[in-house]
Amino acid sequence: MKRPVVLLVEDSPDDLALMRLAIEEAEAPFEFVVATDGQQALDWVFSRGAQAGRDGQVYPALILLDLNMPAMSGLEALQALRADPLGRLIPVVVLTTSEMPSDIARAYEGGANAYLQKPMAFSDLVSLVEAIQAFWLSFNVLHPDAR
Amino acid sequence: MKGARGYRRIQLPMVLIRRRAQERENTHLTHLYVALVQANQAMLRATGEADLFQDICRICVEFAPFGLVWLAVLKEGQPCIVAAAGPMQGYLDGLALSADPADPLGQGPTGRAFRGESVICENWAEDPQLAPWRERAARFGIRSSGSFPVRTQQGVEAVLTLYADRAGIFQQDKIGLLEELTSNIAFAMNQFRLERQRLAAEAAMREEQRIYQDLVKALPAGIYRLRVQPVPAPTAAEWESIYFTAYAIEFASDRFCEITGLDHGAFKANPGLILDRIHPEDRADFSARIAEAVTQLVPCWWEGRLVSEGSPCWVRFESIPRRLPDGGSTWTGVLTDITGRRRRDNAFRRMHDLLRQAESIAKLGGWEIDLDNSTLYWSEEVFRIHELDPASYTPTVESSIQFYAPEWRPVITRAVQRAIETGENFDLDLELLTATGRRLWVHATSEVVLQDGRVVKVLGAFRDIAQERLAAETLAKSHAILAGILESAEGPIFSVDRDYRYTSFNKSHEAAMKALYGREVTLGSYMLDHQTVPADREIAKANLDRAMAGEAFTEAAIYGEEGLSRSFFEVVHTPILSAAGEISGAAVFALDITQRRQAEAALRLVTDLLRQTGHIAGVGGWELDLETQSLFWTEETFRIHDLEPGAYSPTVATAIQFYAQEWRPVITQAVQTAIETGRAFDLELEVITAKGRRIWVHATSQVVTRDGRVVKMLGAFQDISERKWNEEALRESNQRLQLATGSVHMAVWDWDLQAGTMTWDDRMFELYGTTRLETQGTVQDWKDGLYPGDLDRAMAECEAAIRGEAPFDTEFRVRQRDGAILWIKADATVLRDLEGHAVRMVGVNRDITELKRMETEIRNLNRGLERRVVQRTHQLEVAKDELEAFAYSVSHDLRAPLRAISGFTGALLQDGNSSLSVEGVQHLQRIQGGTTRMAQIMEDLLKLSRIGRDDCTLMPLDLASLADQVLAGLRAAEPERRVDFRIQHPIPVQGDPRLLRLLLENLLGNAWKFTSRVAAARIEMEAHSLGEAMVEISIRDNGAGFPSAQAVKLFTPFHRLHKESDYPGTGIGLAIARRVVGRHGGHIRAEGEVGLGAVFQFTLPVLQEELP
């Protein structure tokens, strides 16, 4: 069986490295693709721009989306994604440091499926990855049309 | 047969013996029955116990086979024989008996019977217990005996003992009968006791009754008791009609009849008679009172008069009802003669009247201001002084002040005010304008009443001192007058002592002596020496001697040297009396009457004319004949002087004395001038009338000359007081006002509304930028001076004030002639006559231009200030927002690198394959600890910054249940800890739930944290109300506490009182707590003591109850 693909949208190299370590530590059975800003992420999802040539069959089962990013912010990316009929079907989990009520509200209003805060301790991050894997990739059933 | 016969023989006698014994037995029994019956009959007959006992003993001996029967009762514990009978009675003489069981004698039959035993001794010869009496008994032939206890309700009360000369008498059936006898005796004794008790009770009752009767007799008041039939509620009138049938007298004491004068029997037969005894005028009242009391069945009293032969007898009825089952009632009452008391009351009332009269005579009134209900009380004399009717006028503090003359009102107002405010008493002489417009002097003093250091009452005396003042003034003046008269008198006056030495003389005398004898007289010199004409000296000496002998007389005399300067005098001689009443000299007043008679005829003509015209016009006339020095007054002139026409003969000297002292020189001078130059006078002067009234008069004169010489003066005399008073009062008050207002730069105007004239003072002219030369200060001048834009408004306010709708208290602008604009503050009072019509309007103007300018300046300044405050506030808000955004982003942005440090450290530590040394691992752990703490600090800082930024929405909530939730969280985190929570439930407050949770998390979290090292940890939370709007909540723990001096610093961020290693924390929690409380409008404070615990107290708003 093909391992599910998770699109990780994260601009901070540190957080990205930690995430990698955590996924490794959690021994999570999924592939992950990294985009370092909103634009990249959208390009990848819709196989366009720099990603026009990618394998269109590979489609994310989940997007982990940071909010504070250069170029195109997470919320902007979310809006663009949800504007697309196919993009609308992909679960998006916001993973960010922000705990501003306005950010939380706008994330949900923009169509996020969950809002998670980045934990401080590495061990917590490992637990979080395990939880995401368990919930979104094992228990959760995707939309039939989601590829 | 023989045997049978023998048997029968034997048998027969035995049968006989038995039969005989049986018969004897029967006989004995029969006898005993008889005795019993007899004894019972005796009991029925018995009148006394002693007789009965004796009878019983006698009957037993008489009818039964007993040689001795006696009855003993216990007296002081010893048996005592009270009755005995029988031939063996001698046995009893000196018989020793005892009921004491310890005494051997007490073991005998009597003793035992007293202890309740029936003792039968069938054989005296053998019974060992009878030993003490055996020998003695044998002597009297006693063989057997029976002793029976007589048992009454009181126990064994007596013992009946019966003796027989044979043994075997006391068989069972006889014992039974004898016991019945003793029980009958006991019954009788019980009956006797009851009888005795009844008698004693009766005696006691009789005694009591007697005492009561004596008491009732001895009482000065009458006692009665009556019964009232059930009647429907009657009116007073109905009551009188049923009086005769509805009442029944149950009891009426002698005294009652004595007071009412009613016959005992007649009154009992007809209770209605009492009505006839009530004074006819009081009868209706009496009936009404009785009717009311009987209807309501309540205790009642009535006081009134009884019909009596002599003076009326005053009585008081007082009665108390008791309801009877049949709906009627009994009334027990007391009737008191209160005539004496009434007399005392009357005496008191008379005293009061006397006092009032005395008050009136002294013209001394009393007044009182009760500050608690701000009422003013006046005694009757105060009303009288004000010439007011006490019944129709109620004084108030404000209205009473209006009675003072206008110039005195501020004085009394201030004095009263000071008395009220500072308790300082006053003592003032003031002028009063009475209700009828009289002006009089009063003396007002005060006395404050203090209570708890506060003035609650001001009372004082009030006295009409017009007379007094006048008298004092007059006295002072009369001395001066006398001196004046002496000096200026027309005729020579002098006085000498008993040695004919001068004690005084006037100029005229001095001049006369010079003219007649060419002598200079001096005081103390020998008067007769100066009379150089011997004939004159003789006459003078004789006259002086006559006066010094005590005679006052007038003699005509001609003095002077013949042909030289001879004058015809009428000389008045008067003895001078010393204070001790002795004649100390003589006074002489000589009058030159040389030309007196000449004008008499002409005089008469004029007087007639004057009398007629004067009376009609209210104008008096006077005439002075200079030749005779006689003064004539018309009737009207007398009246003006408050004198009966003709009751007094005026002279120039005495007439002048009627003038007020300050006017005497004026009139004297005027008369003098008239005489000397013939110039008439026309003067307004003050006169003090015979009644002491000070009045203004208008006196004019004309002169009659003959040969170029004034021989007569005559003139008109008119009372012009009223006009003068008005003028004077106005002038005075103007002056005073001027004085008063001058110092505060007030301008005063006075508008006579009836005449339409206005008067300005100097300052008014100044204010309106004009002068007396340019304007007159009329109403039009005022209008012209007003700034046109303010004119209509000012006029409207002025008219409103005149109509009494609003006080005149306004501001307007005045445009002076040179164009300067002044701001004027104007106040005015409208004066009204007794009917309330506006008569005058008096007001003040004050230049408030400078004040206005300053006001404007201040207003401008304020406006600028407000603008700046708004700007600054806005700037501050922007800065605050920026700052908070900055704080947020700082803490947010700081978190990313921190997470990197923390994350990678954790990753390193978690890496199982790591080749780290133990030391390396420890270092990494420290790095991780540091990052954790830093993260916590940043989180707290974020919270702190957010409390100020986020909305605080107040809603009613229960702080206690919020505390429960927080504590449940704390418990869940450390389930092993045992902490005693005492939370008061509920604690209703108004607050933002999220913020208050944060507050409790911090405060309870602290309490939880700092009690972690205490064995019996305890956390308490309680609330108590602070008035209606706030509640104070205390959270108390018995944990580590803190030095009390540190209490204030606690709430500063990052301020820690404990080592982090002891009690972890960021040091921001209490700063958060303070900010939360502050956002709710409350305060927080802390108290603590090291090792004993801490208490945090904060206030929060509570839901205020909605008003109905």
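Just so it is clear, the structure is predicted and the values come from calculations on it, not from any experiment.

Visitor: Is there a simple way to think about the sheet that holds strand E29 (residues 808–815) of chain B in this case?
Guide: The strands that make up a sheet are held in pairs by hydrogen bonds between backbone atoms, and each pair lies either parallel or antiparallel. Residues and elements named next belong to chain B. Pairing is antiparallel in the open sheet, where five strands are placed in the order E28-E27-E31-E30-E29. Of all strands in the sheet, those bounded by a partner on one side alone are strand E28 (757–760) and E29. Averaged over all neighbouring strand pairs, the angle between strand axes comes to 25°, with direction disregarded. Alignment of E29 against strand E30 (residues 821–832), held across eight bridges, turns out to be antiparallel. Bridging across to E30, Asp809 finds its partner in Asp827. Each of strand E27 (746–752), E29, E30 and strand E31 (838–847) touches helix H26 (residues 788–802); the most contacted strand, E29, lies at about 155° to it. Each of E29, E30 and E31 is contacted by helix H27 (residues 849–910), which is oriented at about 120° to E30, the strand it contacts most.

Visitor: Please clarify how the packing of helix H2 (residues 38–45) of chain A against helix H3 (residues 74–82) of chain A should be interpreted in this entry.
Guide: Each packed pair of helices is defined by two parameters, the angle between the axes and the distance between the axes. Residues and elements named next belong to chain A. Orientation of H2 relative to H3, taken along the N-to-C sense of each, is 25°, at an axis distance of 8 Å. Classified by the angle between their axes, H2 and H3 sit roughly parallel to one another. The chirality of how H2 crosses H3 is right-handed. When H2 is examined against H3, the residues Gly38, Leu42 and Val45 are found in contact with a partner set consisting of Ala77, Ala80 and Leu81.

Visitor: How should I be thinking about the side chain of Thr905 of chain B in this particular structure?
Guide: Tracing the chain through its elements places Thr905 of chain B in helix H27. Residue contacts for Thr905 of chain B: discarding those within four places in its chain leaves Leu924, Ile927 and Gln928 of chain B.

Visitor: How should the pattern of salt bridges be read in this particular structure?
Guide: Opposite charge on two side chains allows them to pair when their charged atoms are near. Considering all chains together, one arrives at 48 salt bridges over all chains under this definition. The partner of Arg694 of chain B in a salt bridge is Glu686 of chain B, with the nearest N and O atoms 2.8 Å apart. Exposure remark for Glu686 of chain B: the relative accessible area of 11% places this residue in the buried category. Between Arg982 of chain B and Asp980 of chain B there is a salt bridge, and its shortest N-O distance comes to 3.0 Å. Residue Arg982 of chain B is classed as partly exposed on the basis of its relative accessible area of 44%. Several salt bridges converge on common partners, so that one network encompasses Glu10, Asp15, Asp66 and Lys118 of chain A together with Arg899 of chain B.

Visitor: Where do I start with the confidence of the model for chain B in this structure?
Guide: In low-pLDDT regions, the fine details of the predicted coordinates are not to be read closely. Residue and element names in this part refer to chain B. Looking at chain B as a whole, its pLDDT mean stands at 79, while 85% of the residues score no less than 70. Long-range and interchain partners of residues 1–10, a stretch whose pLDDT sits below 50, account for five contacts in this model, where long-range means more than four residues apart. Low confidence marks residues 595–616, where pLDDT is under 50. Its contacts with residues over four positions away, or in another chain, come to 32 contacts. Overall fold confidence (pTM) sits at 0.33, and the ipTM for the predicted complex is 0.76.

Visitor: So what exactly am I meant to see when it comes to the nonpolar core here?
Guide: One broad trend across soluble globular proteins is that nonpolar side chains are buried collectively. Residues and elements named next belong to chain B. Leu959, Ile1033 and Phe1098 are the most contacted members of the largest nonpolar core, which totals 49 residues. Among residues more than four places away in sequence, those in contact with Leu959 are Ile987, Val989, Leu996, Leu1000, Met1021, Ile1033, Phe1098 and Leu1100. Counting 38 residues, the second-largest nonpolar core is a separate cluster that includes Leu36, Ala42, Val150 and Ile169.

Visitor: Got a minute to help me understand the packing of aromatic side chains in this structure?
Guide: Here a ring pair, both rings aromatic, is described through the centre-centre distance and the interplanar angle of the planes. All names here are of chain B. Scanning the entire structure with this criterion turns up 30 aromatic pairs over all chains. Summarising the aromatic geometry, the rings of Tyr91 and Phe140 are spaced 6.1 Å apart at their centres and angled 75° between planes, so their arrangement reads as edge-to-face. Of the two residues, Tyr91 is situated in the loop between strand E2 (78–85) and helix H3 (109–114) and Phe140 in the loop between helix H4 (131–139) and strand E4 (144–152); the sequence distance between them amounts to 49 residues. Residue classification places Tyr91 among the buried residues on the basis of a relative accessible area of 1%. With 5.9 Å between their ring centres and 55° between their planes, Trp633 and Phe658 make a pair best called tilted. Within this pair, whereas Trp633 is found in strand E22 (residues 630–633), its partner Phe658 is found in the loop between helix H21 (652–657) and helix H22 (664–677), the two being separated by 25 residues in sequence. When sorted by exposure, Trp633 lands in the same class as Phe658, which is buried. Among the aromatic side chains, those forming a connected cluster through ring pairs are Tyr224, Phe256, Phe267, Phe286, Trp302 and Phe317.

Visitor: Can you walk me through the interface of chain B and chain A in this structure?
Guide: A common way to express how large an interface is: the accessible area buried when the components associate. The interface of chain B with chain A comprises 15 residues on the first partner and 18 residues on the second. The junction of chain B with chain A conceals about 1600 Å² of combined surface from both sides, 61% of it contributed by carbon and sulfur atoms. Contact with chain A buries area across many residues of chain B, yet Arg899, Phe904 and Gln910 of chain B alone supply 38% of it, more than any other trio. Summed over the shared surface of chain B and chain A, the number is one salt bridge. Measuring nitrogen to oxygen at the nearest pair gives 2.8 Å for the salt bridge that ties Arg899 of chain B to Asp15 of chain A. Counting every contact that joins chain B to chain A gives two residue pairs in polar contact (both at pLDDT 80 or more). Among the secondary structure elements, those contributing two or more residues to the side of chain B that touches chain A are H27 and helix H28 (918–949) of chain B. Looking at the side of chain B that touches chain A, the element that brings in the most residues is H27 of chain B, giving twelve residues.

Conventions used here
Residues numbered from 1 in each chain as written. Chains lettered and ligands numbered in written order. Predicted model: local features only at pLDDT ≥ 70, side-chain atom pairs only at ≥ 80, totals over all residues. Heavy atoms only, no water. Pairing = 2+ DSSP bridges. Helix = DSSP H or I, 4+ residues; strand = E, 2+ residues; numbered from the N terminus. Axes fitted to C-alpha atoms, helices over the stretch in contact; angles between N-to-C directions. Contact = heavy atoms within 4.5 Å. Parallel < 35°, antiparallel > 145°, perpendicular 65-115°, else oblique. Left-handed = near helix turned anticlockwise from the far one by under 90°. Salt bridge = Lys/Arg side-chain N within 4 Å of Asp/Glu carboxyl O. Buried < 20%, exposed > 50% of the residue type's maximum accessible area, 1.4 Å probe, protein only. pLDDT = per-residue confidence, 0-100. Core = buried A, V, L, I, M, F, W, Y, C linked by side-chain atoms within 4.5 Å. Phe/Tyr/Trp six-rings, centres within 6.5 Å; stacked < 30°, edge-to-face > 60°. Buried area = accessible area lost by both parts, 1.4 Å probe. Polar contact = N/O pair within 3.5 Å; in protein donor to acceptor, adjacent residues only side chain to side chain.

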